[in-house]
Structures are given as C-alpha cells and as structure tokens.
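Below, each chain spelled out in residue letters.
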Amino acid sequence: MSGKEDRYTQIREFLQERYPGAVSISTISRSLNMNRGSVAKYLEVLQSHGHVIMKPFGKAKLYSSARNVPFDDIFDFLSDAIVILDADLHILMVNKSFIDTFNIRSGRNVVGSDLSRINLALFNNPTIWENINRIANSQTFINEMLLIEQGTERIFLTEFVSTVLPSISFTGKPGIMITLRDITLWKKTEEALKNSERKIRTLFEEVPSGIFLFREDGTILNANRAALEILGLTRFTDLEDFKLYDIMCSRDIVQDLMKKGKIAELTLSCNFDRLKTEALASTKKSGIAYFQIVFAPVADKGGTNPREFFILFLDITAKKIAEKQLKERYRGIMSNLPGIIYQFYARDSGEWGVYYVNERSQEIYGVPTEPLSTWFQRYGACIAPEDQERWFDSINDVIRKVAPWEFEGRFLKPTGEEMYIRGISQPVRLKNETVWNGIFLDITARRQAEEALRMNEERFRGITGNLPGIVYQFYVRDSGKWGLYYVDDRSTEVYGLPPDPVDTWIQRYGECIAPEDQERWHESIRDVIERVARWEFEGRFIRPTGEEMYIRVLSQPVRQRNEVVWNGIILDVTDRKRAEEALRRSELKEVRYHSFFENTCNGVLIYEPVGEGEDYIIKDVNRVTAELLRMEKEEIVGKKLFEEFPDLPDPYIPDLLRRVLTTENPEFVTPIKYRDREDFPWISHYVFKLPSGEIASFMIDVTDKVKGASKAKDAKQR
C-alpha cells in the first residue's frame, strides 16, 4: 500500500471509530500526527468519492464517516464494463469489470491515459471514434451500437452517454461514459433458440410418433404425418369433423386427463373395426391396436388453466403381441421348473423384503404367496432348525457385500414333508437399494441321488480298501491314444508306485514286470486293445524296493462314444501263488484261489447290523451270491440274515460277525452251508467291516474242496 493510500485509510478508519460523531480537521490532524493542510485535501477527495460527510459548524467544518455506499464502490460492483472519458478523451475512471473484460494487465494504471493509447481491439473501429468525436463536439450521435471484437468474436452492446461529472472532474465540462455489455452468450442462445424452433418444426413432421394438438373441447388443431399414418389416414381434412377423444376410442380417459391438466403417460387401446363403423370410415386400419400415450397441457403466458393440449402416441401393437407371447413362454417355462423365481430387495435404509414371488410357491413349497410382505419370513421359518443360522448368516452376508447369493439346505413343508432346496440369485444395484433376482429349486431328488452315491462310494472304498490289490481305469481312444483315467490311491502302499502322474503310471508299472514276463505283458495289452476283449494277466512283479510279488490283472471293456474303457483290478496274488506252488509240491488238490472280480466268480454279500448285532439285514448281493444261495437277487435283498437262513451255524456265525463289528478286524469263516440241503454249496467267507458301518463278505464256493477232503479222509481211514 502506498503512503497516500495509507493516509486515506487512516482517516477513514479514524472517522468510522467515532461515528456518528463529527470531528474537525484540527482534531484529525492532531490525532493522526498529520499536516493540517494535507488532512484538508484528503478529506476533500474522500468527500468527493462519498466516503465522508462534511457539516459546516460556524466557520469550521466538521467531518463524519458516510453510511451510504460510496460511488466508486457501486461503480466497481456493476457487471457492465464502464469507462468514463473527460472532454479531452482521457480516461477519468474505469470499473473493475472493464479491467477484467479486456484483460488489462494487473498493476497497469490506465486512468489519465488517452483511450486510443490502451490498444483495445474493440476500439480499433473508425465508426466508434467518429461517434465519440460527435459526442465530444456536442453533435448528434448514436446511443447504442453492436460491436464485434476482432480475434475473439465477442459481441458487445455498447452505450454512449454524454455526461457532466463534477464530483470526478471538478471541471463541470461534459464527459463521455461508455458502457459495454458482453451479449455473446445471449446472441448465441437466441440463435440456438431459432435453430431449435426450426428443428422442432422439422421433428413435428419427421418424428415417427404421432402428435395431436387439440383444444379443451377436443377440436384437433394439428396432427403430424406420423399420426395420420398410424390412424390409417392420408389427409388432415379427414379429421376436421372429429373430436380427439372420438379418434382415440377413449373419451372418458382423455377428458379426465384434460380436467386434471397434468402430464401423464399411459397405454390405450383402439378398436379400428368399431371406429370405422362409428366415426372414421376413411381409416385403412382394422383390428385392435395399442398405443403408448404421453399427454401434456400447453401452458399459456398468464399461467391460467390450459386451453390447449397435445398427445404424443406410438403404435405398440407389435410390442404388446410380443409381450403376450413372452408372458405365455415365461409361464410355460416357470410351470416346468422344479422351483420358483423371486425378487428380493434390500434398501439402504435397512429395510428388506420381496417384490415378487412366483405363484407356484404354494404348490411346490406349501407356502402361499400372499401376503407378499411376509412371504420371506414365512419361507425362512420352514428352513430346518440345523440350517436356520446358516440361512440368516448367508442373507446378512450378501446384503453387506452386495454379492451373488447361494444357499442349500433342508426344508420342512408346513405338512411336515421334508425336501432339499437350493437358492441362487444375482444382485442389481439401483438408486437407493439392491435387488436380487433369483430362483429357489427343489433339489430333493439330486440330494437323494448324491446320498446314494456317497453310500456307494463308501462301500466302494470299503471294498477296495480291503482288497489285496488296487482298481484302475484304462482307456484306448479311436485315435490310437491310450492311457489311464484313474489309479487307486493304494498304488504306493501295495506296489510301491505313486499314482501320480497318472499319465505315466501304466509305463512305470509295466517296467516293474519281471523280465521273463515283459513280452507276455505287452502282448496281452496289444491283444485286448485289438480285440476289445476282457483282459487277464498273471505274472511276477518286482517292486522298486526289490521285493518280489505276483500280480493278477482283471478288467472288462466298455464301449463309449470315441473310446473303449477297461475297468479293472490288479490283485496281489503272491500268497495264493505261493500256496499253489506248495500244493503242487505236496500234490494236494486245492481249489484254486480266484480273484474277487475274475468272471465275477466270487460272491459279495453286504448286510447291515440290527441293534447290537442280534441280526443283519441283507442290503446287497451280486449275481454269484444269488446263484450260490439258489435264489433270485430280489428275493434276498431286504431279508434278515438269520431269519432267512436259520441253518447257519449258531453261535459260530453270530459270534464271528459280532467280533468283526466290534473289533473291525477282518476274519475268515470256515466253509458253511446256508441251508442244510444237499443241493446247497459249501461256502468260505472273508468277512470285514465297511466304513459305512455295514458288514461285507467275500463268498467262495468250496464244495469241491470240502468233498475232496472228506473222500481223502475216508480213504485214509480205510
């Protein structure tokens, strides 16, 4: 701040502190330690600008702070750019808007400069200067001019005023005030409005939607070409004698819209066959048509009740027909789904519920759809008690995460019937809520199948876990490629070969075949591949540790689409081979030990204990077992073991089975007969407990062995 400006500020602040009191020049001079003459000049300038007020007091002058807005403050507040010139065309004043509008460099003082020397592009126009000179010479001049600034293309409405400003010039001579208003935006808006009006006129004729403009009494004032085409007309004169609501086939609806006088959107239908006979014979249309309607009043300038209205309508007949067909397809799809669809919402306020539930809710789940507001709670109340906590946790979790929802659990219908459900849904985020569109499926059949599969798998694992060998699945594709799909995890335990990688297992296993059996091993594989036949192989096997053992390979082929798959078993028959060798050395005739799956010659019997082992329900048997027991399979399954076969040795068999059930240690059973009849075979058993809690027996027909031993004993006694 300069020294002079600082003096002005000190005097103004001094007077403001003493307002409304008035003080003399001497008081100000003493208080501010200023020269009395200088204070008098400063006060004169402040008074001329309206900052202070002078009141004469005798010969003295008393000064006080002005409460009105100073002229220069108002001057700077004006939005128009203003420059005031004196009689010599020097700048007396410019306001802040002038400085900003013409981007005059900050700190540059243009007051006192000749207007022509500040180099403003807008004033580089001879017409402007001719007008300014006419004002200065008191000649007739132009009050307003439209000026375009070169380079920026800004448009200014420029006003010229001849004025005398004694408070500024102190001369009383005429000056010139030039006001410049930037109307570029206004002019562009005006041009855009003209273009809009032209476009609206074009749209009225070219838009594919029909448009009617009509009076309160229904008289049609105008209609575009699309409206005539939609109604099957060719000329506007076809509508001259009709009211709008007669044409739209909905008199009451249209009159109600006019009465309300509000914008509305709705769908109307029109029977062209009836319209043709009653009012509009010239129409070329027929049948029922549907229109999407937008109704709006035309507001007048006075803001009173509208007297004119317009309707914009679109023929949606094809869409309506498609929607009807889609709904019919939807109902067809939903009626065949093993479940229902629903729409669940969770609002940001914390409120949640359902917007929609398929009407088959009662049919499938026994839960009525209505009232919809309580459906979700009623449905959730049917979730089995052990799944309730998981049900609510899953809902709260997906609401919090805004994530897809999945749930499976047991469901108890109000009738007490048990079923299994699966809920699936995907979220869609809307303005103030999230909506999940989903489906509840009845998966009872699937769960029952899974449970049966689980039981079968447990049985399979129980059987294979107690087998003296491993199971495998070998494939040969039509392309010639072959390999393994599956190898039992017990491969390492039984044969010392890890099952992984499975694609190299058959090669690694084959390398362990004893050298003298190698050629026969490979030849057997080539032969069964060529003939698509049952595979059997016996030979010597040398584990990676050097331990020697004997193996037996058995498998059956199954033809599939592009390949043949052999499902088989590789048994450790070392004990059997050694026993056979011992039998041959002792020239004893033993019934050869056959593997579990060789020609399915071994019987398998699975039974479930009743209570503490008082009896056993027969759960499953294979074909060989049925043949051994001289019964059909269907006649055996479901029967109690001791009730059906009372001739079984007692207490030998009950005690043995109870031991296996309790200790879980497998046991061999000496040959027995299931019925005390001559035609029944002697059967040897290998009995063990399955992980499922059931008991399994491998059954072998040893009748020949028993009879042979009996004959040998008789011969020895003789």
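Read on for a plain summary of the structure. A quick note: this is a predicted structure, and the numbers were derived from the prediction, not measured.

A word on the overall build of the protein
Working step 1: Secondary structure assignment for the protein yields 26 helices and 28 strands.
Working step 2: Counting across all 718 residues of the protein, residues that qualify as buried make up 40%.
Working step 3: By sequence separation, contacts in the protein at least 24 residues apart represent 46% of the contacts at least 6 residues apart.

Overview of the environment of Tyr674
Working step 1: As for its placement among the helices and strands, Tyr674 is situated in the loop between β26 (667-672) and β27 (683-689).
Working step 2: Overall, Tyr674 belongs to the buried group, its relative accessible area being 3%.
Working step 3: Along the chain, Tyr674 and Leu629 lie 45 residues apart, while their C-alpha atoms are 7.1 Å from each other.
Working step 4: With sequence-adjacent residues up to four places away left out, Tyr674 is seen in contact with Leu605, Leu629, Leu641, Phe645, Asp647, Leu648, Phe680, Ile683, His685 and Met699.

With respect to the packing of aromatic side chains
The relative placement of two aromatic rings is captured by the distance of their centres and the angle of their planes.
Working step 1: Inspection of the entire model under this criterion finds 47 aromatic pairs.
Working step 2: Centre to centre, the rings of Tyr495 and Tyr509 are 5.3 Å apart; their planes meet at 85°, and the pair counts as edge-to-face. Of this pair, Tyr495 sits in helix α18 (residues 491-495) while Tyr509 sits in helix α19 (residues 505-511), and the two are 14 residues apart along the sequence. Neither Tyr495 nor Tyr509 differs from the other in exposure class; each is buried.

Some details on the pairing of strand β18 (residues 433-442)
Working step 1: With 8 of 10 residues buried, β18 lies mostly within the body of the structure.
Working step 2: By the bridge criterion, 9 bridges tie strand β14 (residues 339-347) to β18 in an arrangement that is antiparallel. Bridge pairing in β18 links Phe344 to Trp436.
Working step 3: Inspection of the sheet shows strand β17 (residues 418-429) paired to β18 by 9 bridges, in the antiparallel sense. Across the sheet, the residue bridging to Ile424 is Ile439, located in β18.
Working step 4: What sits between β17 and β18 in their antiparallel hairpin is a turn of 3 residues.

Let's talk about the sheet that holds β17
Working step 1: With respect to topology, 5 strands assemble into an open sheet ordered β15-β14-β18-β17-β16, the strand pairing being antiparallel. The sheet is open, and its two borders are formed by β15 (352-357) and β16 (405-412), each paired with just one other strand. Direction aside, the axes of adjacent strands within the sheet are offset by 25° on average.
Working step 2: Where β16 lies against β17, 8 bridges are found, and the strand directions are antiparallel. In the sheet register, Trp405 faces β17, and the bridge partner there is Ser425.
Working step 3: Against the sheet, helix α16 (residues 385-401) makes contact with β14, β15, β16 and β18, and its axis sits at roughly 155° relative to β16, the strand it touches most.

Structural notes on the nonpolar core
Working step 1: Tyr616, Leu641, Phe645, Leu657, Tyr674, Val687 and Ile695 are the most contacted members of the largest nonpolar core, which totals 28 residues.
Working step 2: Elements supplying a minimum of two residues to this core: β24 (603-610), β25 (615-621), α22 (623-628), α24 (641-644), α25 (652-663), β26, β27 and β28 (695-701).
Working step 3: A total of 5 residues in this core trace back to one element, the largest contributor, which is α25.
Working step 4: With 27 residues, the next largest nonpolar core counts Ile220, Ala223, Ala227 and Phe295 among its residues.

Side note on the sheet that holds β28
Working step 1: Pairing in this open sheet of 5 strands is antiparallel, and the strands run β25-β24-β28-β27-β26 from one edge to the other. Each having just a single partner strand, β25 and β26 make up the two edges of the open sheet. Neighbour-to-neighbour, the strand axes of this sheet turn through a mean angle of 30°, independent of strand direction.
Working step 2: The pairing of β24 with β25 spans 6 bridges and is antiparallel. Within β25, the residue paired with Tyr607 across the bridge is Ile618.
Working step 3: The sheet contacts of α25 involve β24, β25, β26, β27 and β28, and relative to β26 the element is tilted by about 165°.

Things to note about the environment of Val402
Working step 1: Structurally, the position occupied by Val402 is in the loop between α16 and β16.
Working step 2: Expressed as a C-alpha distance, the spacing of Val402 and Trp436, which sit 34 residues apart in the sequence, is 9.1 Å.
Working step 3: Apart from the residues within four sequence positions on either side, Val402 is in contact with Pro427, Thr434 and Trp436.

Reading the values: the criteria
Residues numbered from 1 in each chain as written. Predicted model: local features only at pLDDT ≥ 70, side-chain atom pairs only at ≥ 80, totals over all residues. Heavy atoms only, no water. Helix = DSSP H or I, 4+ residues; strand = E, 2+ residues; numbered from the N terminus. Buried < 20%, exposed > 50% of the residue type's maximum accessible area, 1.4 Å probe, protein only. Contact = heavy atoms within 4.5 Å. Phe/Tyr/Trp six-rings, centres within 6.5 Å; stacked < 30°, edge-to-face > 60°. Pairing = 2+ DSSP bridges. Axes fitted to C-alpha atoms, helices over the stretch in contact; angles between N-to-C directions. Core = buried A, V, L, I, M, F, W, Y, C linked by side-chain atoms within 4.5 Å.

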